[in-house]
Amino acid sequence: MKKQHIICLALATGTILLGSCNDFLNENPDNRTQIDTPEKVRQVLVSAYPENSYFVMAEYMSDNVDEYQNPRTDVSLDEYYRWKDATQTTNDSPDRLWRTYYASIANANEALKAIDKLGGPKTELLALCKGEALLCRAYAHFMLANIFCMNYGMPNSNTDMGIYYMYDTDTRIGQVNPRGTVAEVYQKIAKDLEEGLPLVGDAHLKVPKFHFNKKAAYAFATRFYLFHEEWEKAVKYANECLGSSPQTLLRDWRSYQSMTRNIEAYTLKYVNTENKCNLLMQKAYTEAGLLFNNYSRGKKYAHGPYLDNNETMLAKNIWGEANYWDNGPFFYRVGATETYDITWRIPYLFQYTDPVAGTGYQSSIMPILTTDETLLNRAEAYIMLKKYDLAAADLTTWMQNIVNTNVVLTPTSIEAFYKPIDYSYSDDKKLQSTIKKHLHPKFAIDTEGSLQECMLQCVLGFKRIEQLQTGARWFDIKRYNITVMRRLINENGTPQELTDSLAPDDPRRAIQLPQDVRDAGVPMNPRNK
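I will try to describe carefully the structure that is included in this document.

Criteria and cut-off values
Residues numbered from 1 in each chain as written. Predicted model: local features only at pLDDT ≥ 70, side-chain atom pairs only at ≥ 80, totals over all residues. Heavy atoms only, no water. Buried < 20%, exposed > 50% of the residue type's maximum accessible area, 1.4 Å probe, protein only. Helix = DSSP H or I, 4+ residues; strand = E, 2+ residues; numbered from the N terminus. Arc of directions from axis to C-beta. Contact = heavy atoms within 4.5 Å. Polar contact = N/O pair within 3.5 Å; in protein donor to acceptor, adjacent residues only side chain to side chain. Salt bridge = Lys/Arg side-chain N within 4 Å of Asp/Glu carboxyl O. Pairing = 2+ DSSP bridges. Axes fitted to C-alpha atoms, helices over the stretch in contact; angles between N-to-C directions.

All of the buried residues in helix α11 (residues 263-270) are I263, Y266, T267 and Y270. Angular distribution of buried residues about the axis of α11 spans 90 degrees; they occupy a single face of the element. Buried residues in α11 make contact with β2 (278-285), β4 (330-335), β5 (338-342), β7 (359-370) and α17 (451-466). For α11, the N-terminal capping position is held by N262, with its side-chain oxygen 3.0 Å away from the main-chain nitrogen of E264.

With that out of the way, let us pick up the side chain of S255. Residue placement: S255 occurs in the loop between α10 (231-242) and α11. At 2.7 Å, the side chain of S255 forms a polar contact with the backbone oxygen of D252.

With an omega dihedral of 5 degrees, the bond running from M154 to P155 counts as a cis peptide bond. Secondary-structure assignment places P155 in the loop between α7 (124-148) and α8 (182-196). Of the consecutive residues G328 and P329, the connecting peptide bond is found in the cis state with omega at -5 degrees. One non-glycine residue, E229, lies in the positive phi region at around 65 degrees. Here E229 lies in the loop between α9 (214-227) and α10. Under the relative-accessibility criterion, E229 is labelled partly exposed at 21%.

A few words on the pattern of salt bridges. If you walk through the whole model with that rule in mind, you get 32 salt bridges. Of the charged contacts in the structure, one is a salt bridge between R72 and E338, with a shortest N-O distance of 3.1 Å. Of this pair, R72 sits in the loop between β1 (66-67) and α5 (75-82) while E338 sits in strand β5; the two residues are 266 residues apart in sequence, bridging distant segments of the chain. For E338, a relative accessible area of 4% gives the class buried. Residue K233 pairs with E194 through a salt bridge whose shortest N-O separation is 3.9 Å. Taken as a pair, K233 in helix α10 and E194 in helix α8 lie far apart in primary sequence, 39 residues in all. Accessibility expressed as a relative area gives 33% for K233, which makes it partly exposed. On the basis of relative accessible area, E194 is assigned to the partly exposed category, the value being 30%. Shared partners join several salt bridges into a network, and the residues in it are D63, D66, E311, K437, R464, R473 and R487.

Before going further, it helps to spend a moment on the sheet that holds β2. Here we have three strands laid out as an open sheet, ordered β2-β7-β6, and antiparallel in their pairing. Each edge of the sheet is formed by a strand with only one pairing partner; in this case those strands are β2 and β6 (349-354). The average angle at which neighbouring strand axes cross in this sheet is 25 degrees, direction not considered. Here five bridges tie β6 to β7, and the two strands are oriented antiparallel to one another. Bridging across to β7, Y352 finds its partner in G360. α9 rests against β2 and β7 of the sheet, and its axis sits at about 75 degrees to β7.

Structurally, the position occupied by T396 is in helix α15 (residues 388-402). A distance of 2.8 Å separates a polar atom in the side chain of T396 from the backbone oxygen of A392. Looking at T396, its side chain comes within polar contact range of the main-chain nitrogen of L409, at 2.9 Å. Excluding residues within four positions of it along the chain, T396 makes contact with V407, V408 and L409.

Listed below in structure tokens is the structure:
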């Protein structure tokens, strides 16, 4: 295995990991520089994007990992896997996510305040900056709500606790801001989104793929309205993002055929900003590139061969025996109790602060919004609208782009394939896997085995493959109230015993607020006794 770099403790608790939430929010986002020109407004928006990532926490909480009998773990990974309230602070922990998103909001609000002081969006640059700031504020609140709250779904969202929607740049020491409800948070996100979308553009962006450019804004709007159960709007904004020839904007998986199989080359190609599919990128302080790479770190909980062969990439699927264009996934066997299949998507980057001592910090670059996700989101919205032919066309486009197949999907063929398949955990011990899971969303869907339900199984399975090892599966688990089983894998590579489960509506689906936030008096998320 590759040698891991050791991170200096003094560094990890210093400049990389931010201080308390109140301290940060009480400081001017650009070190007290006065933002008094349109150019300074543009510059402050560079800091309106998160510096930490949900990929690790969300992936380990999802059904994309099983437990192996090896010691490759730590307390934080144990807690994510067991859905326990976090007690550790790392660059991937809930408290860092809370702070980085609110820091992004504070910077977006600083830009909006400066625009008002400059007389409003009266120039093209100020209008573009206002649009970007509103999108940043909406996105950060959206992520906070989806991490720290129960999933949006009526009527529960009228009473489920939300998160504080921050319109200012600071908070007073000792002030406890109201959480409101999930429904109220979504209403405020929608307001920012609808106000910002007409203003968003690309002309002021020096590095467009790391900002809310026009296509990224439409992709986010598609995701938001899908989560908000406004299917027509999800389709509308997906159309704006994808245009009339979406197949020309998807990831160029076929180009991997001519590449040497090298993990560094694959991962860097995946996050290349020149890829048309990559709409919004993020540089983050994270262990994602280490944990989802061919290192031993964190492999007690892994996407192993059993999961892969029965639920995800290598499971029997509707395209038959066809292979992925990138020849993935990639299998590693260290021993009987340490095997894993990875996708070669998230690069491991290490930035040295002291090359001699070998100390520094881990980071990665990851796509946050892509055309491939947007296409599948549109397919899901079409299914909810019962426009099944249009959904099947989108599913075919995605499938033929990632897999070497000429199969054309139809509603009839999708129903015929998925309907006879057993649901996962149907055996007496609730251990066995298939590509189907029982779906229990708050919104209404047709009965199990219906055409609509079969097509939802298809799109959710495709999304799971598309977003494997990015944490996104966790949000579909929340949206569809999917049960997750925790299984211990034996030395033969098959499930040995059930160790835990996450039932529909389990309050642990809402990540607990950071301890210092609770200590300040903000109501904590409820837990079953």
